[in-house]
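# Structure assessment
Chain by chain, the residues:
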Amino acid sequence: MKEIKAPNQIDIKLNNRYLFLAGSIEMGVAENWQEKVVRLLEGTDWILFNPRRDDWDSTWKQSIDNPQFREQVEWELEALTLADKIILYFDPPTKSPISLLELGLFAKSDKMIVVCPEGFWRKGNVDIVSEKYG
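Residues numbered from 1 in each chain as written. Predicted model: local features only at pLDDT ≥ 70, side-chain atom pairs only at ≥ 80, totals over all residues. Heavy atoms only, no water.

## A word on the sheet that holds strand E4 (residues 85–89)
Selection criterion: DSSP calls a pair of strands paired once it identifies at least 2 bridges connecting them. Numbering of helices and strands runs from the N terminus, with a helix taken as a DSSP run of H or I at least four residues long and a strand as a DSSP run of E at least two residues long. Here, axes are lines fitted to C-alpha atoms. For helices the fit covers the stretch in contact, and angles between N-to-C directions go from 0 to 180 degrees. Throughout, a contact is declared for two residues whenever any of their heavy atoms are within 4.5 Å.
Taken together, the five strands give an open sheet; going across it, the order is E1-E3-E2-E4-E5, and neighbouring strands pair in parallel fashion. The sheet is open, and its two borders are formed by strand E1 (2–5) and strand E5 (112–115), each paired with just one other strand. The mean angle between the axes of side-by-side strands here comes to 20°, regardless of whether they run parallel or antiparallel. As judged from the four bridges shared by E1 and strand E3 (residues 46–50), these two strands associate in the parallel manner. Within E3, the position partnered with Glu3 by the bridge is Leu48. The sheet strands contacting helix H1 (residues 33–40) are E1, strand E2 (17–23), E3 and E4, and the helix crosses E2 at an angle near 155°.

Spelled out as structure tokens, the structure:
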């Protein structure tokens, strides 16, 4: 297993399997579930794209004109597109608007593994979209 964290360069090689860790990241609210997945997949041949970056600064303006923010969003979009599979986890105490956006973008991709426990504020929507698109 190899982990590639945002915003590190993504090099795709044939015959590798790529997994994107999409889902709740809200700092101070969401559990660091990505760390658990990394530990669970140790010793496998998966290459993980992890958007939870070590140097994230919550004061960055979320604007197309902010180079750090733009770099993050573009990295995530590229990694989501390149991934063979996407785990999408909705942590119940979070709102996770970007995760909901990612669900909409990739629901039809046939590569989503959606985990939405009881208590997530939009579980009904997530369940219906997940059922419709398999």
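Structure shown, so let's carry the discussion forward.
## Description of the packing of aromatic side chains
Short version of the rule: The rule is short: rings of Phe, Tyr and Trp, with Trp giving its six-membered ring, pair when the centres are within 6.5 Å, and they are stacked under 30 degrees, edge-to-face over 60, tilted in between. Note on criteria: charge over ring means Lys NZ or Arg CZ within 6 Å of the ring centre, with the direction from the centre no more than 35 degrees off the ring normal.
Here the structure, examined in full by the defined rule, presents six aromatic pairs. Summarising the aromatic geometry, the rings of Phe90 and Phe120 are spaced 4.8 Å apart at their centres and angled 45° between planes, so their arrangement reads as tilted. In this pair, Phe90 sits in the loop between E4 and helix H3 (97–106) while Phe120 sits in the loop between E5 and helix H4 (123–133), placing the two residues 30 residues apart along the sequence. One aromatic cluster is present, built from ring pairs that chain together Tyr18, Phe20, Phe49 and Trp75. Its end group placed over the ring of Trp121, Lys95 keeps NZ or CZ at 4.4 Å from the ring centre.

## With respect to the nonpolar core
Generally speaking, nonpolar side chains in soluble globular proteins are found buried as a group. The cut-off we apply is this: Nonpolar core, defined: a set of buried Ala, Val, Leu, Ile, Met, Phe, Trp, Tyr and Cys residues in which side-chain atoms within 4.5 Å join the residues together. Whether a residue is buried, partly exposed or exposed follows from its accessible area with a 1.4 Å probe, protein chains only, as a fraction of its type maximum: under 20%, in between, or over 50%, in that order.
Among the nonpolar cores identified, the biggest contains 22 residues, and Phe20, Phe49, Trp75, Ile86, Phe90 and Leu103 are the most heavily contacted of them. Residue assignment for this core shows that the elements contributing at least two residues are E2, E3, helix H2 (67–82), E4 and H3. Apart from the residues within four sequence positions on either side, Leu103 is in contact with Leu88, Phe90, Met112, Val114, Val126 and Val129. Listed in part, the ten residues of the second largest apolar core include Leu19, Leu41, Trp46 and Ile87.

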